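Chain by chain, the residues:
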Amino acid sequence: MDEIQKRKVVQHNDLISSVAKMDKIPLKIFELAVSCIDTDNPPKDNIIYLSKSELFTFFKVNDSNKHSRFKQAIEVIQKQAYFNIKANKELGIEYESIVPIPYIKWTDYTDEVILQFQPQIMPYLIELKKNFTQYALSDVMELNSKYSIILYKWLSMNYNQYEHYSFKGGRREEQLEVYQNPSISIKELRIMTDTINLYKTFKDFDSYVLKNSLKEINEHTHFNVSYEKLKVGRSIDRIQFHISKKEQPQELNGEYKAREQDPDYLQDKINKEVNQQALFAEAMQSLYTTSLLESSLLSPFDMQDITLMANLQLEVYPLYKQLEEIVGLQGVKKHLEYVSNKKLDYSKPNLVKYLKTAVMRYLDSGDTKQHEIIKTKFVKQSQKTVEAVAKDFMTENNEELSQAELDKIKSDILKQMNGEGLDHE
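For clarity, every value in this text was computed on a predicted model and none was experimentally measured.

A.B. asks: For the overall build of the chain, give the residues involved together with the corresponding values.
C.D. replies: Along the chain, the regular secondary structure elements total 18 helices and 11 strands. For the chain, the residues scored as buried account for 42% of the 425 residues in total. A separation threshold of at least 6 residues defines the contact pool for the chain, and within that pool the share at least 24 residues apart is 67%. Of the accessible surface of the chain, which amounts to about 23600 Å², a share of 47% is contributed by carbon and sulfur atoms.

A.B. asks: Please set out the sheet that holds strand 7 (residues 112–116) residue by residue, giving values where relevant.
C.D. replies: The three strands lie next to each other as 3-7-6, forming an open sheet whose pairing is antiparallel. A single partner strand is all that each edge strand has here, and the edge strands are strand 3 (47–51) and strand 6 (103–106). The mean inter-strand angle of the sheet, taken between neighbouring strand axes irrespective of direction, is 20°. As paired elements, strand 6 and strand 7 share four bridges and run antiparallel to each other. Residue pairing in the sheet places Ile104 in a bridge with Leu115 of strand 7. Along the sheet, helix 5 (residues 66–79) contacts strand 6 and strand 7; its crossing angle with strand 6, the most-contacted strand, is approximately 160°.

A.B. asks: Tell me what's going on with the side chain of Asn181, and back it up with residues and numbers.
C.D. replies: Mapped onto the elements, Asn181 comes out in the loop between helix 9 (173–180) and strand 9 (183–185). Assessed through its relative accessible area of 13%, Asn181 is described here as buried. Ignoring anything within four residues of it in the chain, the contact list for Asn181 reads Gln240, Phe241, His242 and Asn350.

A.B. asks: I'd love a proper account of the packing of helix 8 (residues 146–168) against helix 11 (residues 202–220), names of residues and values included.
C.D. replies: One way to put it is that helix 8 packs onto helix 11 with a least axis distance of 9 Å and a crossing angle of 70°. Between helix 8 and helix 11, the angle falls in the class roughly perpendicular. Once helix 8 is placed against helix 11, the crossing between them reads as right-handed. Of the residues in helix 11, those in contact with Tyr147, Ser148, Leu151, Tyr152 and Leu155 of helix 8 are Tyr208, Val209, Leu210, Asn212, Ser213, Leu214, Glu216 and Ile217. Among the residues forming the contact of helix 8 with helix 11, the class breakdown is nine nonpolar, three polar and one charged.

A.B. asks: Describe the sheet that holds strand 10 (residues 223–232), with residues and values.
C.D. replies: Whether parallel or antiparallel, the strands of a sheet pair through hydrogen bonds between backbone atoms. Taken in spatial order, the three strands line up as 9-11-10 in an open sheet, and their pairing is antiparallel. Two strands in the sheet have a free side with no partner beyond their single neighbour: strand 9 and strand 10. When the angles between neighbouring strand axes are averaged without regard to direction, this sheet yields 25°. As judged from the three bridges shared by strand 9 and strand 11 (residues 235–245), these two strands associate in the antiparallel manner. Bridge assignment links Ser185 to a residue of strand 11, and that residue is Arg238.

A.B. asks: I'd like a description of the pattern of salt bridges, backed by residues and values.
C.D. replies: Overall, the coordinates contain nine salt bridges when judged by the stated rule. In this structure, the salt-bridge partner of Lys146 is Asp194, at a minimum N-O distance of 3.7 Å. With Lys146 in helix 8 and Asp194 in the loop between helix 10 (186–192) and helix 11, the pair connects residues that are 48 residues apart, well separated along the chain. Judged by its relative accessible area of 23%, Asp194 is partly exposed.

A.B. asks: Any chance you could break down unusual backbone geometry for me, citing the residues and the numbers?
C.D. replies: The backbone of Asp45 sits at a positive phi, close to 60°, despite the residue not being glycine. Assignment of secondary structure puts Asp45 in the loop between helix 3 (24–34) and strand 3.

A.B. asks: Any details on the confidence of the model for the chain? Residues and values, ideally.
C.D. replies: On average, the chain scores 81 in pLDDT, and the residues at 70 or more come to 78%. Under a pLDDT of 50 for its full length, residues 372–384 has, in the predicted model, 28 contacts with residues more than four places off or in other chains.

A.B. asks: Just give me the short version of the nonpolar core, but keep the residues and values in it.
C.D. replies: If you look at the biggest cluster of nonpolar residues, it comprises 70 residues, and the most contacted ones within it are Phe83, Leu115, Phe117, Ile121, Leu125, Ile217 and Phe241. Tallying contributions element by element places helix 8 first for this core, with 11 residues. Judged by nonpolar contacts, the second largest core, of 26 residues, contains Met309, Leu312, Tyr362 and Leu363.

Rules and cut-offs
Residues numbered from 1 in each chain as written. Predicted model: local features only at pLDDT ≥ 70, side-chain atom pairs only at ≥ 80, totals over all residues. Heavy atoms only, no water. Helix = DSSP H or I, 4+ residues; strand = E, 2+ residues; numbered from the N terminus. Buried < 20%, exposed > 50% of the residue type's maximum accessible area, 1.4 Å probe, protein only. Contact = heavy atoms within 4.5 Å. Areas by Shrake-Rupley, 256 points an atom, 1.4 Å probe, with all protein chains shown as cover. Pairing = 2+ DSSP bridges. Axes fitted to C-alpha atoms, helices over the stretch in contact; angles between N-to-C directions. Parallel < 35°, antiparallel > 145°, perpendicular 65-115°, else oblique. Left-handed = near helix turned anticlockwise from the far one by under 90°. Nonpolar A, V, L, I, M, F, W, Y, C, P; charged D, E, K, R; others polar. Salt bridge = Lys/Arg side-chain N within 4 Å of Asp/Glu carboxyl O. pLDDT = per-residue confidence, 0-100. Core = buried A, V, L, I, M, F, W, Y, C linked by side-chain atoms within 4.5 Å.

Here it is in C-alpha cells:
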C-alpha cells in the first residue's frame, strides 16, 4: 500500500482526452500498469512486471474468489478494452484505435504477472516532453466508476496546466482562468465518456455521469470540483467545471513538489493571503458591493467567497470608480441594472471577468463621453431653464437638432438635475 501511495501516473494529453472503450476494472488495471513505467528508462520490449498481491491491494480485494475475478478482468482487458485516440498532427487530425495491453502472462504457482504494452500505445506513455499530465495513482485507486476516472484525468490535465503556468508564468490571466474553470460541450463530454448511446436524457446523464462522478472525486481525491450548466437558448450546451485543490498537499513519489518546499514560494503565498484578506475587507465596505447586491449580480452567498470579493475589489471596483467620476454613482447603478438584465448563462461562472469586461467596454464605447459633455454643459448651468440650456448647446455646437433629439436632451438634463443619472447602453 505504501508503494502505491507514492506512485504517479503520467500520460499524454491526447490519451487522456481519448475515448476509453472499457469498463472500470480494465481501465484501473491499465492505470496501475502505467504507474510502473519509468519514463527515463522505458521498459525493454514494453514489458512491465506486477504482482498479484499488488493487484489485489489496489482493488481492495480479499475474498476467496479474487483469483477467478482477476482472470475475468484479464480476459476483458485483452478482448474488449481499447482506446479511440484523436490527435492533431501537422497534416490534420489522426485517428487511432489501440488495444493497450494485448499480452498478459501469469501462473498459479507464482505471484508475478507480466504485462506487455502495445507498441503503438507507448508514445503516449513515454514520449512526454510536452502536453502530458501527471496525477496520483492513489487518487485513481479510490475511484469506483469509469466516469469518475475519466473525468478525474481530464480535470487533472486542465488543473495541472493552471498550476504550472501560475508558478512559471507564460500565460495571461484569462488563459489561467480557463485552465482552472475548463468547459466542454455536452457532445464532447458524451464522446469522451462513451455515453453517446447511454443516458439519453440530460437528467440521467447529469445524475449518473456528472453528479456521481464529482461526488467520488470530491470525497477521494485532492480536488474539490463543482460545475455549472451553460445554456444556449433553452438547451444545455456545455458544462463548466470549477476546480480547486484541497488544503492538504499531496505527496507524489514520497516528496512534496519542489515549489511547495521553496521558502520564497511559501512567503509569497503568505503575502498573497494577507493581501487577499485586506482586499476582502475593503470589498465588504464598498458601496459597489451594495450596488451589485441590489442589481442581483451578487448574492449574500457570494459574499462569503473571499477570493471572489478580493478579485472584485482588485479588478472591478477601480473601474467602477472611473465610471462614477464620469456619470456619478447613479450612473454606475444604471450600468449594473443593464448588465444584470443582459447577463447570459455563459457569464455566471466567471463573474469578475464578466463585470470587468462589461464596464471596460462601456468606458471605451464613447457613451460615457457624451454623458460628460452633457454634465459639463448643462448641470453647471442649473439656474437656466431647460429650453435655454438646450438652445445654448445647439448654438455652441452649430447643430440643428430634430424635435426627437431635442426632447432627448431635455429629458437627460432634467434627470441629471434631479440626480437620477443618465440612460446608457
